[in-house]
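The primary structure of each chain is shown beneath.
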Amino acid sequence: MAKTKSTSAGSAEQYPRPPLPKTIVCWHCNGKIPLPLAQETCPSCGAALTESSYDEAAGTDLTKISELGTEVGLAKQQLKLAEARNAKLGILRKIPLFPSRREIARLTIQLTSLHKNIDTLSNRLMQLATARYYISRWFRLTGVPLCDLGKPGATAFGTPRYELGRKGTVRFNCKFKKRWKSLRGYVDSHYAEYETFCAIQRIVDSGALGHARLLANLIVPYDEDEQQRYNKHVRAHEIDAVLVTERSIVVVEVKNTWMAVTIDYNKQSRKHHIVRSGITKHGDQFGTECSDYSVPQVVAHCWTLADADVYSIGSDSMEVKVVHEGYVEALTSQTAEQVPLAQHFNFWALHGDQAK
């Protein structure tokens, strides 16, 4: 059970790790699949268990729900008219022989059936969204579970959900909503890593990078503490993501921020200088600029990978990708809608020899 709100701010380790589900649903046959057996295909029907297949199935159900919602609205209008006609009958309005009364009975049954169908599809969508997370490459690499029924836990991922976007696009979201203020930074930063991973994975899947493999949440040790004779602990770098391609290894660092990011490059010193400053929804910057130290951090990750001999590749073949991720309100007439994440990616590369 989660601890109370009075515990230390910003820490997620204080909560028990949420349990994994025993089974997930197949998008094709609706069969229950034991989670350990949920690999590339469904063991019952052989359907491919991919994120895109679940998204396609969810899109079909979302379209059906939208169509049923239209039918519900039309039936409610007809019911309202039938009730108005029936009310004119006065004391005879409850006699089932009159057409208006029969119309009310028919529409009531129809609405009950429509709502039942919507509830059935909504429950299936919840099952599809949960299964979609647990068959994802992100989960297979990280093993990070969803929060237990929306309760706080050591994870930034809550109840997964599907929704229908503009032009029939399917949107998937699994960000933990019911987060306390003390955990907001933890949730935002970890979910930013997830979204960045998904965005890069889509590029890998497109084939634009050739043969490539994306890894997430790498813990790479770099030395032992020689000052301790007993109970030595190994220090390590936590790397957000590593993209291995045929030409280079790309080390990815994700920074979640609501601030404006300015990047300058000094050709003489061959160094980047990054600063952040406040920004309004109208794009005006304010406040004092503060330095961003993501470059030294991610360069240290590069040297750790090179020294660890994880890959037989030199540091001159490494690249750095720093992603500053954040949402801002759209500067259009519809300011309530958040701008898609991809519009706020700030990708830039630093070759290994420049990192020195």
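Every chain is numbered independently, its residues counted from 1 as its sequence is written. Totals for whole chains, interfaces and linings use all residues, but because this is a predicted model, local features are given only for residues with pLDDT of at least 70 and pairs of side-chain atoms are given and counted only at 80 or more. Values shown for side chains rest on all heavy atoms present in the structure; no hydrogens or waters enter the calculation.

Participant: Even after reading the chapter, I still don't get the pattern of salt bridges, so can you show me in this structure?
Facilitator: Between side chains of opposite charge, a pair can form as their charged atoms come close. Any Lys or Arg side-chain nitrogen located within 4 Å of an Asp or Glu carboxyl oxygen qualifies as a salt bridge. This structure, assessed with the given rule, holds eight salt bridges. Across the pair Glu-103 and Arg-106 runs a salt bridge whose closest N-O atoms are separated by 2.8 Å. One end of the pair is Glu-103 and the other is Arg-106, both in helix H2 (residues 99-134) and three residues apart, which spans about a single turn. The cut-offs for exposure are 20% and 50% of the maximum accessible area for each residue type, with area from a 1.4 Å probe on protein chains only; residues under the lower value are buried, those over the upper are exposed, and the others partly exposed. When its relative accessible area of 41% is taken as the criterion, Arg-106 is described as partly exposed. Of the charged contacts in the structure, one is a salt bridge between Arg-137 and Asp-205, with a shortest N-O distance of 2.8 Å. Here the residue Arg-137 occupies a position in helix H3 (residues 137-142), and Asp-205 occupies one in helix H4 (residues 184-205), the gap between them amounting to 68 residues. By relative accessible area, which is 33% here, Arg-137 ends up partly exposed. What makes Asp-205 partly exposed here is its relative accessible area of 45%. Three or more residues are tied together by salt bridges with common partners; here these are Glu-51, Asp-55, Arg-132, Arg-137 and Asp-205. Note on conventions: DSSP H or I runs of at least 4 residues are helices, E runs of at least 2 residues are strands, and numbering of each starts at the N terminus.

Participant: How should I be thinking about the state of the cysteines in this particular structure?
Facilitator: By definition, a disulfide links the sulfur atoms of two cysteines through a covalent bond. Two cysteine sulfurs form a disulfide in these notes if their separation is within 2.5 Å. Taken as a whole, this structure holds zero disulfides when the rule is applied. Just so you know, Cys-42 is unpaired, no disulfide at all, and the nearest cysteine sulfur is the one on Cys-26, 3.7 Å from it. No disulfide involves Cys-45; its sulfur sits 3.7 Å from the nearest other cysteine sulfur, which is in Cys-29.

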